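As a plain string of letters, each chain reads:
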Amino acid sequence: MPDLQTLTPRAPWMALSSTEQDWAQADPVLLGTLLAHCHLIRGFEETVLALAGEGLVHGPAHSSIGQEGGAAGSIVGLRADDGVSGSHRGHHQFLAKSLAYLCPDGIDPTADIAPAVQALLQRTLAEILGLAQGFCKGRGGSMHLRWPEAGALGTNAIVGGGVPMAAGQAWANRRAGSDAVMVTYFGDGAINIGSVLETMNLAAAWKLPLCFFIENNRYAVATGVDETTAEPRLSARGMAFNIPSWHVDGMDPLAVHLAMRAALAYMRAGDGPTVIEADVYRYFHQNGPFPGSAFGYRDREEEKAWRTRDPLDLLARRMVARELIAPAQIDALRGRVALAMRAAVDALLEADPEAGEGKRRIRPRLWPSADFRDVGILGDLSEMPARRDATDDEFRGETVPRKFVDVVADVMDRRMACDDTVVVMGEDVHRLKGGTNGATRGLAQRYPDRCLGTPISENAFVGLAGGIALDGRYKPVVEFMYPDFMWVAADQVFNQIGKVRHMFGGDDPVPLVLRTKVAMGTGYGSQHSMDPAGIFATCPGWRIVAPSNPCDYVGLMNAALRCKDPVLVIEHVDLYNAMAPAPRDDLDFVLPVGRAALRRTGPAVTVIAYLSMVDHAMEALDSLGMEADLIDLRWLDRASLDWETVGASVRKTNNVLIVEQGARGTSYGGWLADEIQRRYFDWLDQPVQRVTGGLAAPSISRVLERAAAARTEEVIEGLRDILRNKGEG
């Protein structure tokens, strides 16, 4: 028989309950503040549901009625510099953190509602109604609430999607030497999401001051927690990552407060993350003013049983028992909240003269202007140096032959030496003498606390970088070993980082650089070889840079690191070991955003290329003896593309050939050809022609890989097609 030994987790896992002594000794100011928070949240949410019932809330109304105790209990003990982030059901956390910020000494439940609190209620309601005075200028609605000054750092409509960003803000707190913490709230549905579990692992490995607060309300929409996991005690997840965890009754605000107090002590001491699971219950359906029983997935008896444990009633009974408040004063509090909400509604609504008696509408003047639609997708580039003249578009200093990849490493070394806010992270960037290609050579030795090797968790570490960028104190540079890995992290790359500035109103910079390399031709097959330009070009929140030579790389990387938008920097393995002119000494010059380079000039055709295809295009032109304009785009995103250079060339040559190496299905040139034809149709002698790889992604076989990728030979054939169409074949 084998010798069996029972193993136990390293981290403690505790159930915490409040006692009679806890209630007897609780600070009266604390209890009064909890009561005020809960009533303000309840009154706010009841108003939102009433407006939803009138059809005045466009979109969802995910109320937190029944869950107020978890938010109030966990937040009243936070400081102004602590942050919270939440899920789509986040009104209660947003309000609790904002109230704590506005009233740091607590709230007297017997006093009048302060003007600042009244303004908070109105502005939050305005956001949920989609109005310009809202915290996100009407763009966020019910699911996207952010007020960074208050430490309310954003609620999120993707289940579990905001958790990695919360880790980034926790990292920034720790890096800055602060003992401030982050609390990220999510529900039972999110606990099985990969981004949450990846972030738990990373936060524990890096000892980040991040509390994973699970609001276990038993249902993900209509699916019960017992249906989705074999371990419904959700705080058990912390044991897998050596994270101390507490399980608490979320209908008891004092118990939640005590659990959070213990978690805060652990995190502020620098010991790492924590988990709190609070058992709560949403009284209504996932969305809207009807109970879950109306949809058949739970019964009225269950709902009635949970309502007997209402956190507002519990606080009232305990405070009355200690003679801290009288029942009449609680009734008066409820009345003041109702009046405050009525005043907020009256400021936003008016009688609808077209809909009949008793019908209301939103005051028309409060809507955002339609021309605000695209404002704030990207920044205005005011952070970039002023462009003096055309010579700024090229490097004019002394050069020496260098390997491209050595310049990649050197310019990042220079930036990290000059700017201690730059932090590099990615898989193996700190090992192998500079990662898998040497692109981070020497950084780990010179900046060990700012060159961070990550777990194989793209969702977690690029989302963490997004949180760092949004925090604003540091500039993350993320390496994806291969661009295909963006599919693994697509939510963080596109739904989060690419949308966050615009979604939250357009004011928050997101200074992040994502580096990756095209590895076509290396034999790494279908899942390691793609060109990501075409996919990223569909997300307007990203800028895209594609340097074709070492001098450009220096100027463009410096521009990317100055830019306050997320920037994808694409490199190519074909260029890495090629020798080419590189700056001898000047690693600080900056190329302007949105300027292409004209590498060749001639009347025959406009050839548009980027990355290694610039060299292939030059070889093809030389082979055919053609004189043509060759435009090296350098900046590929829609907002940064140099239409001035492209347009001037098209008007001159009247023929266009777009050349790229990657697969046709994910190609960049498809949208570019369409846009050129829309802009310059009257100047074109033939449709825009394209050279791309094959339909399929590259295969491992050397022969099939070559057949799948475009190189010089394919460009030559494309140029011949142009000539034939011109009658010059």
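Just so it is clear, the model here is predicted, and its values are computed rather than measured.

The rules we used
Residues numbered from 1 in each chain as written. Predicted model: local features only at pLDDT ≥ 70, side-chain atom pairs only at ≥ 80, totals over all residues. Heavy atoms only, no water. Axes fitted to C-alpha atoms, helices over the stretch in contact; angles between N-to-C directions. Helix = DSSP H or I, 4+ residues; strand = E, 2+ residues; numbered from the N terminus. Parallel < 35°, antiparallel > 145°, perpendicular 65-115°, else oblique. Left-handed = near helix turned anticlockwise from the far one by under 90°. Contact = heavy atoms within 4.5 Å. Nonpolar A, V, L, I, M, F, W, Y, C, P; charged D, E, K, R; others polar. Expected span 1.5 Å × (residues − 1). Buried < 20%, exposed > 50% of the residue type's maximum accessible area, 1.4 Å probe, protein only. UniProt positions renumbered as here; feature names shortened; annotations may be inferred. Pairing = 2+ DSSP bridges. Phe/Tyr/Trp six-rings, centres within 6.5 Å; stacked < 30°, edge-to-face > 60°. Lys NZ or Arg CZ within 6 Å of the ring centre and 35° of its normal. Core = buried A, V, L, I, M, F, W, Y, C linked by side-chain atoms within 4.5 Å.

Asks: Looking at this structure, I do not really get the packing of helix α5 (residues 115-128) against helix α12 (residues 327-348). What am I missing?
Replies: The relative placement of two packed helices is expressed as an angle between their axes plus a distance between the axes. One way to put it is that α5 packs onto α12 with a least axis distance of 9 Å and a crossing angle of 50°. It follows that α5 is oblique to α12 by the angle criterion. Both α5 and α12 take part in a crossing whose hand is right-handed. Of the residues in α12, those touching α5 at Gln118, Leu121, Gln122, Leu125 and Ala126 are Ala340, Met341, Ala343, Ala344, Val345, Ala347 and Leu348. Residues of the contact of α5 with α12, tallied by class, amount to ten nonpolar, two polar and no charged.

Asks: Looking at this model, I keep getting lost on α5. Mind explaining?
Replies: Helical periodicity: at 3.6 residues per turn, an α-helix aligns residues three or four positions apart in one direction. Between its first and last C-alpha, α5 extends 20 Å over 14 residues, near the 20 Å set by a 1.5 Å rise per residue. Residues of α5 that are buried include every one of Val117, Leu120, Leu121, Thr124, Leu125, Ala126, Glu127 and Ile128, and no others. Where α5 is buried, its residues meet α2 (28-53), α4 (91-102) and α12. Backbone geometry just after α5 places Gly130 at a positive phi near 80°.

Asks: What should I look at first to understand the UniProt feature "domain: Transketolase-like pyrimidine-binding" (unreviewed entry) in the protein chain in this one?
Replies: As annotated in UniProt, the feature "domain: Transketolase-like pyrimidine-binding" (unreviewed entry) corresponds to residues 402-578 in the numbering used here. With 37% helix and 17% strand, residues 402-578 has its two end C-alpha atoms placed 8 Å apart.

Asks: Please explain helix α22 (residues 643-653) as it appears in this structure.
Replies: Among the residues of α22, those classed as buried are Trp643, Thr645, Val646, Gly647, Ser649, Val650 and Thr653. Following α22 by one or two positions, Asn654 adopts a phi angle in the positive range, close to 65°.

Asks: Hey, could you run me through the environment of Ala628 in this one?
Replies: With respect to the secondary-structure elements, Ala628 resides in strand β22 (residues 628-632). Under the relative-accessibility criterion, Ala628 is labelled buried at 2%. Residues Ala628 and Val605 lie 23 residues apart in sequence; the distance between their C-alpha atoms is 5.1 Å. Apart from residues lying up to four places away in sequence, Ala628 is in contact with Arg600, Thr601, Gly602, Ala604, Val605 and Leu621.

Asks: Teacher, can you tell me more about the sheet that holds strand β5 (residues 210-216) here?
Replies: Note: strands within a sheet are paired through backbone hydrogen bonds, in either parallel or antiparallel orientation. Across the sheet, which stays open at both edges, the seven strands sit in the order β1-β8-β9-β5-β4-β2-β3 with parallel pairing between neighbours. Whereas interior strands pair on both sides, the edge strands pair on one side only; in this sheet they are β1 (13-16) and β3 (152-155). Between one strand axis and the next, the sheet turns through 15° on average, direction left out of account. As paired elements, strand β2 (residues 83-86) and β3 share two bridges and run parallel to each other. Each residue of the ladder has a partner; that of Gly86, found in β3, is Thr155. Sheet strands in contact with α4 are β2, β3, β4 (182-187) and β5, and its direction is about 165° off that of β2.

Asks: What is the right way to look at the packing of aromatic side chains in this model?
Replies: For any pair of aromatic rings, the description rests on two quantities: the centre-to-centre distance and the angle between the ring planes. Applying the stated rule across the entire model yields 18 aromatic pairs. Seen in terms of ring centroids, Trp643 and Tyr680 are 6.3 Å apart; in terms of plane orientation they differ by 45°. Their pairing is tilted. With a gap of 37 residues between them, Trp643 in helix α22 and Tyr680 in helix α23 (residues 669-680) connect regions that are remote in the sequence. The buried category is assigned to Trp643, whose relative accessible area is 13%. Note on Tyr680: relative accessible area 5%, which makes it buried. Members of the aromatic cluster, each reached through a chain of ring pairs, are Phe94, Tyr101, Phe135 and Trp147. When the ring centre of Phe284 is taken as reference, the NZ or CZ atom of Arg307 above it lies at 5.8 Å. The lysine or arginine in question, Arg309, covers the ring of Trp306, its NZ or CZ lying 4.6 Å from the ring centre.

Asks: Which parts of the structure should I look at to understand the sheet that holds strand β21 (residues 606-609)?
Replies: Spatial strand order, β20-β22-β21-β23-β24: five strands in an open sheet with mixed pairing. With partners counted over all chains shown, the strands left at the sheet margins are β20 (597-603) and β24 (689-691), one partner each. Neighbour-to-neighbour, the strand axes of the sheet open up by a mean angle of 20°, direction not taken into account. One ladder, built from four bridges, connects β21 with β22; its direction is parallel. Residue pairing across strands places Ile608 opposite Ile631, the latter belonging to β22. Here α23 sits on the sheet and contacts β21, β23 (656-659) and β24; the angle it forms with β23, its principal contact strand, is near 165°.

Asks: What is the right way to look at unusual backbone geometry in this model?
Replies: Among all residues except glycine, the phi angle is most often negative; among peptide bonds, the trans geometry is most common. For Lys433, which is not glycine, the phi torsion reads 55° and is therefore positive. Mapped onto the elements of the fold, Lys433 is located in the loop between β13 (422-426) and α14 (443-446). Overall, the relative accessible area of 79% leaves Lys433 in the exposed class. Of note, Arg634 is a non-glycine position whose phi angle comes to about 65°, a positive value. Looking at the secondary structure, you find Arg634 in the loop between β22 and α22. A residue is classified by how much of its surface remains accessible, and Arg634, at 1% relative accessible area, is buried.

Asks: Is there a simple way to explain the nonpolar core in this structure?
Replies: Among soluble globular proteins, nonpolar side chains are generally buried collectively. Of all hydrophobic cores here, the largest spans 131 residues; its most connected members are Phe480, Trp542, Val646, Tyr668, Leu672 and Ile676. When neighbours within four sequence positions are excluded, Ile676 is seen to be in contact with Ile608, Trp643, Val646, Val650, Val656, Ile658, Phe681 and Val688. Membership of the second largest hydrophobic core comes to 87 residues, among which are Leu35, Ala72, Trp147 and Leu264.

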